[in-house]
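Close look at the chain arrangement
If you want the building blocks of each chain, they are given just below.
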Amino acid sequence: MRNSTRRARDLRTNATEAEKKLWLHLRADRLGVRFRRQFPIGPYFADFACPTQKLVIELDGGQHAERQDYDGRRTAFLTEQGYRVLRFWNTDVMKNAEGVVAAIANELTPPLPDPLPRERVRGKSEQETSGMDRILIQGGAKLNGEIRISGAKNSALKLMCAALLTSGTLRLENMPNGLRDIRSQTDLLRHLGCTIEAQDGLMALNASGVVDYEAPYDLVRKMRTSILVLGPLLARFHQARVSLPGGCAIGTRPVDLHIDGLKAMGADITLDQGYINAAAPGGLKGASIHFPKVSVGATENLMMAATLAEGETTLSNAAREPEIVDLGECLIKMGARIEGLGTPVIRIAGVKSLHGATHAVVPDRIETGTWMIAVTMTGGSLRLQGARAEHLAALIGPLQRAGARVEEDGADIVVSRSDGQPLKGTDIMTEPYPGFATDLQAQFMAMLTLCEGAGMVTETIFENRFMHVPELVRMGADITVHGHSAIVRGVKKLKGAEVMATDLRASVALVLAGLVAEGETTVNRIYHLDRGYENLVGKLQACGAKIERLPGE
């Protein structure tokens, strides 16, 4: 063992430049898993190995070309030990380290959506603390009070990209600036050359100084919405190079519809080593585009691109989400000519240029729905300030059938459930808006675990969005999954347990389950929550929940 350790140390000391460069990209705070250098496996030393993922990375130089038998024996042995082996040339790493890391990240099971900050930083906000923090909940408290609804993350991120379409200043109000995804998008836009100032719920963006048209992997990998710089860059600057995106590990979400639509508008697009290379030397041209399936992101990307295209663009089978309407209304304030927002057919007449504007971000319907479900589970009464009930019709009906009382009071929604009103099972099916939002599916399932009778949850948007089920079962839930559907049979009570979040909405579903569980619940891996909920712990504490955030151990 001592000789093995000494040999590994010697190999690390005499590492090639390619090995040194790749090692900088394979640290745990970047990929979420730990790789080891010159890791001994039997008689061999793997250049890089992740034992927990059973993955080996080997770098080859020219000298290996004459040692194919050795490499073959080595690979065969590693495979027999249960390892997957990826090989790259040293020159691949030196020329395109991001592309190599993208290929490695795709082999992680499941791919981890977010980097893990190394340590908790004193004096920082809740969203700036370590992703290894955990939430501790003592169940049984009713929720009573008021919650101010934040601006919609799924709108704010797209509005930030719209700033690339003009040299003027875009001022955004009701911005959820505390979210990790907002900070990630800020980093990306600043990399491109934007000037951004943010304070409280305000943000001012100016893209007059954009000089870089490449969105690199290190910045784009953190979330999928980064792909939405593609359309604006191509429309205004006629060129873009954007890494294929990352995001929550809830299934495949291809960007084919984005690419096909931009090609129809005259763009020349190629895919190379994990990057989308796009050019339109003569500018984009209006086109008639029909989406084979409803896509929120593609609708947004092409709508932004079409604002500066020559001629008219028609998007049919377009998404109808409130966030798309919000983006379109902001673009109109900037000088765009758009008709049909909120309908399946959107028409955009291109203009030569857009100008700055001021726009308030629409309230977050997913946050609103989360609190509506929470108080239905715990009992009590919540006033949700600044909410938009018309955006939540698909949720309000099932909640009322389950036993909730929902009322509109001016600009607020008041949701309550009395002690004598039992929860009743009901069925839901996720669909594109105005159907039931997939981003509320996990929370609703958590509520069904305590209903009388049973309820069925059918997921039609993403193919891998039941990853919260095993964690709910750990807490005593009775759930049976059949393909894209899950049957939830109500139980008398859930029991506190230690659970782990797998994506953003699954994270908050486990928090809701902890609010009603008997005893203590610990939710780990909560960095997902920091991506989508502003001050979640503080808002719940103010309404009576026994909940606290603790540093990771």
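Read on for an overview of the structure. Predicted model, so just to flag it, every value in this text is computed and none were measured.

1. Looking at the nonpolar core
The nonpolar side chains of a soluble globular protein tend to be buried, and buried together. Val-229, Leu-262, Met-265, Leu-284 and Leu-331 are the most contacted members of the largest nonpolar core, which totals 75 residues. With residues up to four places along the chain from it excluded, the contact list for Leu-284 reads Leu-234, Ala-235, Leu-262, Met-265, Ala-267, Ala-305, Ala-309 and Glu-310. Judged by nonpolar contacts, the second largest core, of 71 residues, contains Leu-395, Leu-399, Leu-440 and Met-445.

2. Details of the packing of helix α14 (residues 365-378) against helix α16 (residues 441-448)
Axis separation between α14 and α16 bottoms out at 10 Å; the angle between their running directions is 5 degrees. Put simply, α14 runs roughly parallel to α16. For the pair α14 and α16, the contacting residues are Ile-366, Thr-370, Ile-373, Thr-376 and Met-377 in the first and Gln-443, Phe-444, Ala-446 and Met-447 in the second. Broken down by class, the residue content of the contact of α14 with α16 amounts to six nonpolar, three polar and no charged.

3. Notes on the environment of Pro-216
Structurally, the position occupied by Pro-216 is in the loop between β10 (214-215) and α9 (217-220). The spatial distance from the C-alpha of Pro-216 to the C-alpha of Ser-243 is 5.6 Å, given a sequence separation of 27 residues.

4. Topic: the side chain of Lys-539
Mapped onto the fold, Lys-539 is located in helix α20 (residues 536-542). Of the residues examined, Lys-539 reaches a relative accessible area of 13% and is grouped as buried. When near neighbours in sequence (up to four residues on either side) are disregarded, Lys-539 contacts Ile-147, Arg-148, Ser-150, Glu-367, Trp-371 and Glu-534.

5. Observations concerning the sheet that holds strand β15 (residues 312-316)
Ordered by their spatial adjacency, four strands build an open sheet running β14-β15-β17-β16, and the pairing between neighbours is mixed. Of all strands in the sheet, those with a lone pairing partner are β14 (288-290) and β16 (337-339), marking the two edges. Across the sheet, the mean angle separating the axes of adjacent strands is 15 degrees when strand polarity is ignored. Strand direction decides the pairing type here: β16 and strand β17 (residues 345-349), joined by three bridges, are antiparallel. Each residue of the ladder has a partner; that of Ile-338, found in β17, is Ile-348.

6. Observations concerning the packing of aromatic side chains
Under the counting rule described, the total for this entry stands at five aromatic pairs. Their ring planes at 80 degrees and their centres at 5.5 Å tell us that Phe-436 and Phe-444 sit as a pair that is edge-to-face. Directly above the ring of Tyr-275 sits Arg-241, whose terminal nitrogen or CZ lies 4.0 Å from the centroid.

7. Some details on the side chain of Asn-277
With respect to the element layout, Asn-277 can be found in strand β13 (residues 275-279). If sequence neighbours within four positions are ignored, Asn-277 has contacts with Ala-240, Arg-241, Asp-268, Ile-269, Thr-270 and Asp-272.

8. Concerning the packing of α14 against helix α15 (residues 393-402)
Two quantities define a packed helix pair, namely the angle between the axes and the distance from one axis to the other. Where α14 contacts α15, the two axes come as close as 11 Å, and the packing angle between them is 0 degrees. The angle between α14 and α15 falls in the class roughly parallel. Residues Gly-369, Met-372, Ile-373 and Thr-376 of α14 pack against Leu-395, Ile-396 and Leu-399 of α15. Among the residues forming the contact of α14 with α15, the class breakdown is five nonpolar, two polar and no charged.

Procedures and definitions
Residues numbered from 1 in each chain as written. Predicted model: local features only at pLDDT ≥ 70, side-chain atom pairs only at ≥ 80, totals over all residues. Heavy atoms only, no water. Core = buried A, V, L, I, M, F, W, Y, C linked by side-chain atoms within 4.5 Å. Buried < 20%, exposed > 50% of the residue type's maximum accessible area, 1.4 Å probe, protein only. Contact = heavy atoms within 4.5 Å. Axes fitted to C-alpha atoms, helices over the stretch in contact; angles between N-to-C directions. Helix = DSSP H or I, 4+ residues; strand = E, 2+ residues; numbered from the N terminus. Parallel < 35°, antiparallel > 145°, perpendicular 65-115°, else oblique. Nonpolar A, V, L, I, M, F, W, Y, C, P; charged D, E, K, R; others polar. Pairing = 2+ DSSP bridges. Phe/Tyr/Trp six-rings, centres within 6.5 Å; stacked < 30°, edge-to-face > 60°. Lys NZ or Arg CZ within 6 Å of the ring centre and 35° of its normal.

All we've got here are geometric facts, nothing functional implied.
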